[in-house]
Amino acid sequence: MRALHRLSAYLKVFSQAKRNRVDLYSWLIRRPLLLLATMFYEVAIMFSNRLDPRLKELAELKTAGLINCEFCLDIGSALARTAGINEQQLRDLPVYADSDAYTDQEKLVISFAEAMTVTPAIDIEPIRQKLLQQFTKGQVAELAATIAWENQRARHNQGLGVRPTGMSDGAACALPEPRKSS
């Protein structure tokens, strides 16, 4: 049932695109194997449903914000709203650790996304151990794959100049996060 809800959400969100609809497609059509591989992995992530989609959406948005992918923040914010993530949660992602908008579990998931995304990578082991106290290995594997895929997706989109499509126009949207000084 979750998979059908997520598929429905993706279709709804993509129908809201107002501009730049074919940016990514116009690049990937030139490399059909990459287009197929991308589509396959997107579907695999979408239909992996051991983990609550809300948690996956939060992790993806945190990753997109850290990488500063405007397209990912646009679509991710629209998808997050379909998963029940509220405006306060979208706004508070940069300061999640101090925000009352998230549960402890959501903060843990967001911290894992941050640990997997920042460069240089921070020590992930303690966070993974905390995750394993609350989730199964399958759920942690799904979360890690989702975050890793968002890292790939966001950097790929930036490299190709994929622009936001307006899926979140007129609604709350997660914002890019400034780089933290070392």
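Data block above holds the structure.
Model, not experiment: these values are computed from the prediction. (Residues numbered from 1 in each chain as written. Predicted model: local features only at pLDDT ≥ 70, side-chain atom pairs only at ≥ 80, totals over all residues. Heavy atoms only, no water.)

Participant: Could you clarify how one ought to interpret the environment of glutamate 142 in this entry?
Facilitator: With respect to the helices, strands and loops of the structure, glutamate 142 is situated in helix 9 (residues 137–160). Every residue in contact with glutamate 142, bar those within four places of it in the chain, is listed here: Ser48, Asn49, Arg50, Leu51 and Lys56. (Helix = DSSP H or I, 4+ residues; strand = E, 2+ residues; numbered from the N terminus. Contact = heavy atoms within 4.5 Å.)

Participant: When you look at unusual backbone geometry in this model, what are you seeing that I'm missing?
Facilitator: Excluding glycine, residues mostly carry a negative phi; peptide bonds, for their part, are mostly trans. A cis geometry characterises the amide bond from threonine 119 onward to proline 120, with omega recorded as 0°. One non-glycine residue, asparagine 20, lies in the positive phi region at around 55°. Looking at the element boundaries, asparagine 20 is found in the loop between helix 1 (2–15) and helix 2 (23–28). One non-glycine residue, asparagine 68, lies in positive phi territory at about 70°. For asparagine 68, a relative accessible area of 35% translates into the label partly exposed. (Buried < 20%, exposed > 50% of the residue type's maximum accessible area, 1.4 Å probe, protein only.)

Participant: I tried to follow the pattern of salt bridges on my own but got confused; where do I start?
Facilitator: For the structure on display, the rule yields 11 salt bridges. Residue glutamate 177 pairs with lysine 62 through a salt bridge whose shortest N-O separation is 2.9 Å. Of this pair, glutamate 177 sits in the segment after helix 9 while lysine 62 sits in helix 4 (residues 53–67), and the two are 115 residues apart along the sequence. Among the residues examined, lysine 62 registers a relative accessible area of 0% and is labelled buried. Residues glutamate 150 and arginine 153 are paired through a salt bridge, measuring 2.1 Å at the closest nitrogen-oxygen approach. Residue glutamate 150 and its partner arginine 153 are located together in helix 9, separated by 3 residues, close to a single helical turn. The exposure classification of glutamate 150 matches that of arginine 153, with both residues buried. (Salt bridge = Lys/Arg side-chain N within 4 Å of Asp/Glu carboxyl O.)

Participant: How do you make sense of the nonpolar core when you look at a structure like this?
Facilitator: The nonpolar side chains of soluble globular proteins are, as a tendency, buried together. Counting residues in hydrophobic clusters, the biggest one holds 28 residues, and the most contacted among them are Leu61, Leu90 and Met167. Elements with a minimum of two residues in this core: helix 1, helix 4 and helix 5 (70–82). Per-element tally for this core: the top contributor is helix 5, with 7 residues. Among residues more than four places away in sequence, those in contact with leucine 90 are Leu61, Ser77, Ala80, Arg81, Ile85, Tyr102, Ala172, Cys173 and Ala174. Counting 14 residues, the second-largest nonpolar core is a separate cluster that includes Phe112, Ala113, Ala115 and Phe135. (Core = buried A, V, L, I, M, F, W, Y, C linked by side-chain atoms within 4.5 Å.)

Participant: Help me understand the packing of helix 4 against helix 5 in this model?
Facilitator: Relative placement of two packed helices is described by the angle separating their axes and the distance separating the axes. Orientation of helix 4 relative to helix 5, taken along the N-to-C sense of each, is 160°, at an axis distance of 9 Å. In terms of orientation, helix 4 lies roughly antiparallel with respect to helix 5. Judged by the sense of rotation from one axis to the other, the crossing of helix 4 with helix 5 is left-handed. Of the residues in helix 5, those in contact with Glu57, Leu61, Ala64 and Gly65 of helix 4 are Cys72, Leu73, Gly76, Ser77, Leu79 and Ala80. When its residues are assigned to classes, the contact of helix 4 with helix 5 shows 6 nonpolar, 3 polar and 1 charged. (Axes fitted to C-alpha atoms, helices over the stretch in contact; angles between N-to-C directions. Parallel < 35°, antiparallel > 145°, perpendicular 65-115°, else oblique. Left-handed = near helix turned anticlockwise from the far one by under 90°. Nonpolar A, V, L, I, M, F, W, Y, C, P; charged D, E, K, R; others polar.)

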